[in-house]
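# Structure at a glance
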Amino acid sequence: MRVSIFGMGYVGAVSAACLANEGNYVVGVDPNATKVELINKGVSPIIELDLDVLLASGVERGLIFATPDVREAVFSTDISFICVGTPSQPNGSLDLKYVRAVCEDIGKVLAEKDDFHVVVARSTMLPGSMEDVVIPALEEASGKKVGVDFGVCNNPEFLREGTAIYDYYNPPKTVIGETDSRSGQLLVNIYENMDAPLIRTSINTAEMVKYTDNVWHALKVSFANEIGNICKEIDIDGHEVMDIFCKDTKLNLSAYYMKPGFAFGGSCLPKDVRALKYKARALDLELPVINSIMENNQIQVDRGFDMIVSKGNKKVSILGFSFKAGTDDLRESPMVEVIERLIGKGYDLKLYDKNISLASLIGANRDYILNHIPHISKLMVSSMEEAIAHGETIVIGNAAEEFRQILSDTKDEQVVVDLVRVSDLRSIEGRYDGICW
């Protein structure tokens, strides 16, 4: 395939070398004359393991050529990768002037080009940047329409400095955000030999995936450092603790707890987070990540409560209020707090939870239900049908299997507030509202 790459910095140079190594014809574009000269000599403009070898090989085979000429690059290729910098501004926002300038330059050439051309952004940009900056700049400069006259994709990179060549050929995933399937398929053809999951999605989702990855990595480093700081103070080897922690790929390093939804609760997590915070205070340690966990959890409780109140309905039914499905445990259930706050605001409530109904008769939580939250137990009903018949707003509080068909079990005039995602649907105004989707 014939590929042009705009920006011969870290991502652009690595991408050029690897694409050429796979037999693609690559044109590197950069306004910096020194970079252009180095590339054309087969010399790497950056320090990166094995990059100089691949670049030299690509140039020698006639598969890599660098130029400052945008028109020459676009007309001689089928697809253009944008790999220019997106530096931070003082307020934390991104400076997209280089992205905008490149898109305007490419767009002016697309105005003259009859063939369908695809523009792919690899530069890291916040969600919405493709729709707010990249596409408008291309359309205005070219006078053409995206998805009709030319294509646009977002293709985030997952390269680590020092191991970028290895990472290019061994990616954790390949993500293609596409405006149209024709454009996405062109990228699929480039990556078809990669041994990694290939995901085709929207451009906004692809933009967000990159930020989710990087912020998660930053959070992991911060968390491990805070655990290590505690360990140091109490004469424990922090590396040994984290090595053991990482052995658990069933829960600790897995997708199990990585589903956006409602707050956590139960007998373990809140208690243990508070205890470790207390220990850190006793050691005079500042642990901003760990210290923020309970506050973050409370914010999600508040978010769920506000969603319910925002519907403007006084008759509310709660389906599921144990802290998670399949248990009768109400200890620190965030739904209990929501229910108590709704009661305090004068809402007319009906509550249903099969496991709580059983526990109130024979379970270990009988005393807790009848003596500690009797005001809640009096609002419980014995069937889901009775609860649904009462509510103008139906709230799904845990992921019990019986709630999966809630939309077909409710009337069009009832609104469902889903805190756990029992439906694959996205939020629908006036009918279904998911807390994070």
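Above this text sits the structure in question.
We now turn to the structure provided with this report. Given the structure is predicted, the values throughout are model-derived calculations rather than measurements.

Basis of the calculations
Residues numbered from 1 in each chain as written. Predicted model: local features only at pLDDT ≥ 70, side-chain atom pairs only at ≥ 80, totals over all residues. Heavy atoms only, no water. Helix = DSSP H or I, 4+ residues; strand = E, 2+ residues; numbered from the N terminus. Expected span 1.5 Å × (residues − 1). Bend = angle between axes of the 7 residues up to and from the residue. Buried < 20%, exposed > 50% of the residue type's maximum accessible area, 1.4 Å probe, protein only. Core = buried A, V, L, I, M, F, W, Y, C linked by side-chain atoms within 4.5 Å. Contact = heavy atoms within 4.5 Å. Axes fitted to C-alpha atoms, helices over the stretch in contact; angles between N-to-C directions. Left-handed = near helix turned anticlockwise from the far one by under 90°. Nonpolar A, V, L, I, M, F, W, Y, C, P; charged D, E, K, R; others polar. Pairing = 2+ DSSP bridges. Right-handed = clockwise from strand over helix to strand, strands pointing away. Polar contact = N/O pair within 3.5 Å; in protein donor to acceptor, adjacent residues only side chain to side chain. Phe/Tyr/Trp six-rings, centres within 6.5 Å; stacked < 30°, edge-to-face > 60°. Lys NZ or Arg CZ within 6 Å of the ring centre and 35° of its normal.

Let's shift gears to helix α6 (residues 129-142). Think of an α-helix as 3.6 residues a turn; residues three or four steps apart then line up on the same face. Along its 14 residues, α6 runs 19 Å from first to last C-alpha, staying within 8% of the 20 Å computed at 1.5 Å per residue. Remark: the principal bend of α6, roughly 30°, maps to Ile-135, with a proline, Pro-136, within the next four residues. Residues of α6 that are buried: Ser-129, Met-130, Val-133, Val-134, Ile-135, Ala-137, Leu-138, Glu-139 and Ser-142. Gly-143 sits one or two positions beyond α6 and adopts a positive phi of about 70°.

The next point concerns the nonpolar core. Among the nonpolar cores identified, the biggest contains 42 residues, and Ile-318, Leu-319, Phe-321 and Leu-342 are the most heavily contacted of them. Within the residue set of this core, elements represented by two or more residues are α13 (293-310), β9 (315-319), α14 (334-344), β10 (348-352), α18 (384-390), β11 (393-396) and β12 (415-418). It is α14 that provides the largest number of residues to this core, a total of 5 residues. Ile-318 has contacts with Met-335, Ile-339, Leu-342, Lys-350, Leu-351, Tyr-352 and Val-395, leaving out every residue within four places of it along the chain. With 38 residues, the next largest nonpolar core counts Ile-79, Ala-164, Ile-190 and Tyr-191 among its residues.

Turning next to the packing of helix α5 (residues 97-110) against α6. Orientation of α5 relative to α6, taken along the N-to-C sense of each, is 35°, at an axis distance of 7 Å. You can see that α5 and α6 cross each other, and the crossing is right-handed. Across from Val-99, Arg-100, Cys-103, Glu-104, Ile-106, Gly-107, Lys-108 and Leu-110 in α5, the residues of α6 making contact are Val-133, Val-134, Ala-137, Leu-138, Ala-141 and Ser-142. Residues belonging to the contact of α5 with α6 are distributed by class as follows: 9 nonpolar, 2 polar and 3 charged.

It is worth spelling out the sheet that holds β11 at this point. Strands sit in the order β10-β9-β11-β12-β13 across an open sheet of 5 strands; the sheet is parallel. The two strands at the open ends of the sheet, each matched to only one other strand, are β10 and β13 (432-434). Sheet twist, expressed as the mean angle between neighbouring strand axes with direction ignored, is 20°. As paired strands, β9 and β11 are joined by 4 bridges and run parallel to one another. Within the sheet, the bridge partner assigned to Leu-319 lies in β11 and is Ile-396.

With that settled, the discussion passes to the pairing of β9. With 4 of its 5 residues buried, β9 lies for the most part within the structure. Both β9 and β10 contribute to a ladder of 5 bridges, which runs parallel. Residue Ser-317 lies in a different strand from β10, and its bridge partner there is Lys-350. Once the chain exits β9 it traverses α14 before rejoining the sheet at β10, and the crossover so formed is right-handed.

All right, on to the environment of Glu-161 then. Mapped onto the elements, Glu-161 comes out in the loop between β6 (150-154) and α7 (164-169). The exposure class of Glu-161 is exposed, given its relative accessible area of 67%.

Right, let's get into unusual backbone geometry. Although it is not a glycine, Asp-284 adopts a positive phi angle of roughly 60°. The residue Asp-284 is located in the loop between α11 (269-282) and α12 (288-291) in this model. Not every positive phi belongs to a glycine, and Glu-332 is a case in point at roughly 55°. Position of Glu-332 relative to the elements: it lies in the loop between β9 and α14.

Here we come to the side chain of Thr-327. With respect to the helices, strands and loops of the structure, Thr-327 is situated in the loop between β9 and α14. A distance of 3.0 Å separates a polar side-chain atom of Thr-327 from the backbone nitrogen of Asp-329. If sequence neighbours within four positions are ignored, Thr-327 has contacts with Ser-322 and Asn-355.

Let us look at the side chain of Gln-414. As for its position among the elements, Gln-414 is in the loop between α19 (406-409) and β12. Of note is the side chain of Gln-414, whose polar atom sits 2.8 Å from the backbone nitrogen of Lys-411. Here Gln-414 is in contact with Ile-388, Gly-391, Glu-392, Ile-394, Gly-430 and Arg-431, once residues within four sequence places are set aside.

This part is about the packing of aromatic side chains. Counted under the stated rule, the structure contains 4 aromatic pairs. Taking 5.3 Å as the distance between ring centres and 80° as the angle between the ring planes, the aromatic pair formed by Tyr-168 and Tyr-169 counts as edge-to-face. The buried category is assigned to Tyr-168, whose relative accessible area is 5%. Note on Tyr-169: relative accessible area 26%, which makes it partly exposed. Ring geometry for Tyr-256 and Tyr-257: centres 4.9 Å apart, planes at 85°, overall edge-to-face. We note that Tyr-256, like Tyr-257, is exposed. The ring of Tyr-347 is capped by Lys-314, whose NZ or CZ atom sits 4.2 Å from the centre of that ring.

Before going further, it helps to spend a moment on the environment of Arg-61. Within the element layout of this structure, Arg-61 appears in the loop between α3 (51-60) and β3 (64-67). The exposure class of Arg-61 is partly exposed, given its relative accessible area of 44%. It is 9.8 Å that separates the C-alpha atoms of Arg-61 and Tyr-25, two residues lying 36 residues apart in sequence. Not counting residues up to four positions away in its chain, the partners in contact with Arg-61 are Ala-20, Asn-21 and Gly-23.

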